[in-house]
Amino acid sequence: MSIHKEQVKSALAHVIHPEFNKDLITLGLIQDLITQDKFVSFTLELPEKNDQLAERLKKECAEAIRKYVDAEAVLDVTIGINISKQRELGNSGQQEPQQQTRQEPVLGGVKNVIAVASGKGGVGKSTVAANLAVALAQTGAKVGLLDTDIYGPSVPTMFGVTERPNITTQKKLVPIKKHGVHLVSMGFLVDTDQAMIWRGPMVTSAVKQFMQEVEWGELDYMILDLPPGTGDIQLTIVQTVPLTGAVIVSTPQTVALDDARKGVAMFNKVNVPVLGIIENMAYFVPDDMPEKKYYIFGKHGARKLAQKLEVPFLGEIPLREIIRETSDSGTPIVAADPASPSSIGLKEIANRIQQSLAIRISELDQTEKVEIKIRP
Ligand SMILES: Nc1ncnc2c1ncn2[C@@H]1O[C@H](COP(=O)(O)OP(=O)(O)OP(=O)(O)O)[C@@H](O)[C@H]1O
Ligand SMILES: [Mg+2]
């Protein structure tokens, strides 16, 4: 039987760091975990150089894996020194584990920030983000949607927003509420023709402002619609915003999957948990023959990629004229026709994201900025 990452994490949750008096998973000291058959590899990241402690913990990790997972496990443990951990954890051992802060609001009154991303453009990120936001709001949650795509904002069209947002006396922007979702889009304020010439730093400082200078109030979920790609702009946005998790949207064909893989890698790099992959335009359903399914972009591509990358598969969305029409006319399908099969599928995906979040919250540490590690 092959060893799975989750089994290794459960085993390592038994190994206690003597100074902080907490286990290695809670402290976020296990990085780059890879498993294959009986092979397990990871980096044990310590806040400071201490060879004796490193050897002791390494031995205890091996014992825990052999005891709780597989007696024949083959281990490759690298010791890494991450100085930023020292700052985070302090030397007193008094600090609460990072994961507990995740249950608290990550930004003012916002409890969870979820990025919707893709490697490739035009795969349906904004459509998915809009419908997920509405679906989550329909469960009774308080939901915000922040459209960070300054070059091609979609929220104004997809939610039919033509008005300008109000500003409070404290000079904070008030989101516009439509279909139960609190909306802010670059497109509300910025002339997109003008924005075309914006450079990376301007974009990220605008995103920062939209996180901080908006009267978001109490939110259970803030959905972030990211611009396409995995370049500098996306990387900076995901490092600027305290993300709880990310969702990757892909269509089934190889060119989109290659880019989706880059998307997953980008979030892994900045330690943001990938909550799962969604397959959009999974198959075409003609309106006059709704029982038919045409796999025009190939079958189950994103589903297979999720299995390969060991991230949850959150579900598939068909390619349907009504999904495009409802988006273009300002009412996402989940609001326009909540009982349609596509809406039911989208609501199931929203539900899986909520579940995936609950699981991740209990096992993953908080997003960190990328640090340069010094390896002894
Ligand atoms: N499942 C679907 N069925 C039909 N049309 C869809 C579907 N998903 C998206 N579309 C349509 O495809 C077009 C692109 O979708 P969308 O704008 O959501 O993609 P995107 O990934 O956000 O694009 P960008 O990379 O430019 O931000 C839109 O016209 C949208 O209505
Ligand atoms: Mg978009």
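This section reports on the structure supplied with the text. On a predicted model such as this, the values are computed, not experimentally measured, just so you know.

Calculation notes
Per chain, the residues get numbers from 1 upward, laid out in the order the sequence is written. Throughout, the order in which chains and ligands are written sets their labels, letters from A for the former and numbers from 1 for the latter. Note on the predicted model: pLDDT of at least 70 is required for a residue's local features to be given, and 80 or more for side-chain atom pairs to be given and counted; whole-chain, interface and lining totals, by contrast, use all residues. Excluded from the side-chain calculation are hydrogens and water; included are all heavy atoms of the structure. A run of H or I in DSSP becomes a helix once it reaches four residues, and a run of E becomes a strand once it reaches two; helices and strands are each numbered from the N terminus. Think of it in three bands: residues with accessible area under 20% of the maximum for their type are buried, residues over 50% are exposed, and the middle band is partly exposed, with areas taken using a 1.4 Å probe on protein chains only. Here a residue-residue contact requires only that any non-hydrogen atoms of the pair lie within 4.5 Å. Reported accessibility uses the Shrake-Rupley method at a 1.4 Å probe radius. Residues are deemed covered only where the shown protein chains occlude them. We call a residue near a molecule or strand as soon as one heavy atom of that residue lies within 4 Å of the molecule or strand. We define a polar contact as two N or O atoms separated by no more than 3.5 Å, with the added condition that, inside protein, one atom must be a possible hydrogen donor and the other a possible acceptor, whereas residues neighbouring each other in sequence contribute only through side-chain atom pairs. Here, patches come from residues exposed beyond 30% relative accessible area and free of salt bridges, joined within 9 Å for like charges and within 5 Å for nonpolar side chains (Val, Leu, Ile, Met, Phe, Trp, Tyr). Take a side-chain nitrogen of Lys or Arg and a carboxyl oxygen of Asp or Glu: if they are within 4 Å of each other, that pair is a salt bridge. Pairing between strands requires that DSSP locate at least two bridges from one strand to the other. Axes here refer to lines fitted to C-alpha atoms; in helices the fit is confined to the stretch in contact. Angles between the N-to-C directions go from 0 to 180 degrees. Here a crossing is called left-handed whenever its near helix is offset anticlockwise from the far helix by less than a right angle, and right-handed whenever the offset is clockwise. Each residue gets one label: Ala, Val, Leu, Ile, Met, Phe, Trp, Tyr, Cys and Pro are nonpolar, Asp, Glu, Lys and Arg are charged, and the others, such as Gly, are polar. Given the number of residues in a helix, its expected span is that number minus one, multiplied by 1.5 Å. When we speak of the arc, we mean the arc of directions from the helix axis to the C-beta atoms. Between 65 and 115 degrees an angle is taken as roughly perpendicular, under 35 as roughly parallel, over 145 as roughly antiparallel, and anywhere else as oblique.

**Points about the overall build of the chain**
When helices and strands are counted, the chain shows 15 helices and 13 strands. Per-residue burial over the chain gives 52% buried out of 376 residues. For the chain, contacts bridging at least 24 residues in sequence account for 75% of all contacts bridging at least 6. In the structure as shown, the chain presents an accessible area of about 17,300 Å², 51% of it carried by carbon and sulfur atoms.

**Digging into the site of ligand 1**
The environment of ligand 1 is made up of 19 residues, and the closest members are G122, K125, S126, T127 and P318. One of the backbone nitrogen or oxygen atoms of V123 is found 3.1 Å away from an oxygen atom of ligand 1. In this structure, P318 approaches ligand 1 through a main-chain N or O atom, which is 2.8 Å from a nitrogen atom. For ligand 1, the protein covers 80% of the area, taking 630 Å² as the surface of the free molecule.

**Regarding a nonpolar patch on the surface**
A grouping of M289, Y294 and I296 is seen on the molecular surface, where their side chains present a nonpolar patch of about 260 Å² in accessible area. As for its placement among the helices and strands, I296 is situated in the loop between β12 (274-284) and α12 (301-309). Of the residues examined, I296 reaches a relative accessible area of 52% and is grouped as exposed.

**A few points about the pairing of strand β3 (residues 30-36)**
Bridge count between β3 and strand β4 (residues 39-46): 5 bridges; the pairing is antiparallel. Paired with Q31 across the two strands is T43, which belongs to β4. A loop of 2 residues connects β3 with β4, the two strands running antiparallel in sequence, and D37 in this loop sits at a positive phi of about 50 degrees.

**Things to note about the packing of helix α11 (residues 254-269) against α12**
Interhelical geometry of α11 versus α12 gives an angle of 35 degrees and a closest axis separation of 11 Å. Relative to α12, the crossing made by α11 is right-handed. The segment α11 lies against α12, with L257, A260, R261 and V264 engaging G301, A302, L305, K308 and L309. Per-class residue counts for the contact of α11 with α12 are 6 nonpolar, 1 polar and 2 charged.

**Things to note about helix α2 (residues 51-68)**
Because each turn of an α-helix spans 3.6 residues, side chains separated by three or four positions end up pointing in the same direction. Given a rise of 1.5 Å per residue, 18 residues ought to cover 26 Å, and the 26 Å separating the end C-alpha atoms of α2 matches this to within 8%. Taken together, the buried positions of α2 are L53, A54, L57, C61, A62, A64 and I65. Contact partners of the buried residues in α2: α1 (5-12), β1 (16-17), β4 and β5 (74-81).

**Details of the sheet that holds β5**
Taken in spatial order, the 3 strands line up as β3-β4-β5 in an open sheet, and their pairing is mixed. The open sheet has two edge strands with one neighbour each: β3 and β5. Strand-to-strand, the axes of this sheet are offset by a mean angle of 10 degrees, without reference to chain direction. Each of β3 and β4 touches α1; the most contacted strand, β3, lies at about 135 degrees to it. The sheet strands contacting α2 are β4 and β5, and the helix crosses β4 at an angle near 145 degrees.

**Section: α1**
Among all positions in α1, only V8, K9, A11 and L12 are buried. The buried residues of α1 occupy an angular sector of 160 degrees when projected down its axis, which confines them to one face.

**Looking at the sheet that holds strand β8 (residues 176-178)**
Spatially, the 8 strands line up as an open sheet ordered β8-β9-β7-β10-β6-β11-β12-β13, and their pairing is mixed. Of all strands in the sheet, those with a lone pairing partner are β8 and β13 (313-319), marking the two edges. Each strand axis lies, on average, 25 degrees off the axis of its neighbour in the sheet, ignoring direction. As judged from the 4 bridges shared by strand β6 (residues 110-117) and strand β11 (residues 245-250), these two strands associate in the parallel manner. Note that in β11 the partner of A117 across the bridge is I248. Its contacts with the sheet place helix α5 (residues 125-138) against β6, β7 (143-147), β9 (181-185), β10 (219-225), β11, β12 and β13, and it is angled at close to 170 degrees to β10.

**Examining the packing of α1 against α2**
Relative orientation of the contacting elements α1 and α2 amounts to 120 degrees, with a least axis distance of 9 Å. By the angle between their axes, α1 is oblique relative to α2. Handedness of the crossing formed by α1 with α2: right-handed. Contacts between α1 and α2 involve V8, A11 and L12 on the former and, on the latter, C61, A64, I65 and Y68.

**A few points about the environment of L24**
Summarising the element assignment, L24 is placed in the loop between β2 (22-23) and β3. Setting aside chain neighbours within four positions, we find L24 in contact with L12, V15, H17, L29, I30, L44, L57 and C61.

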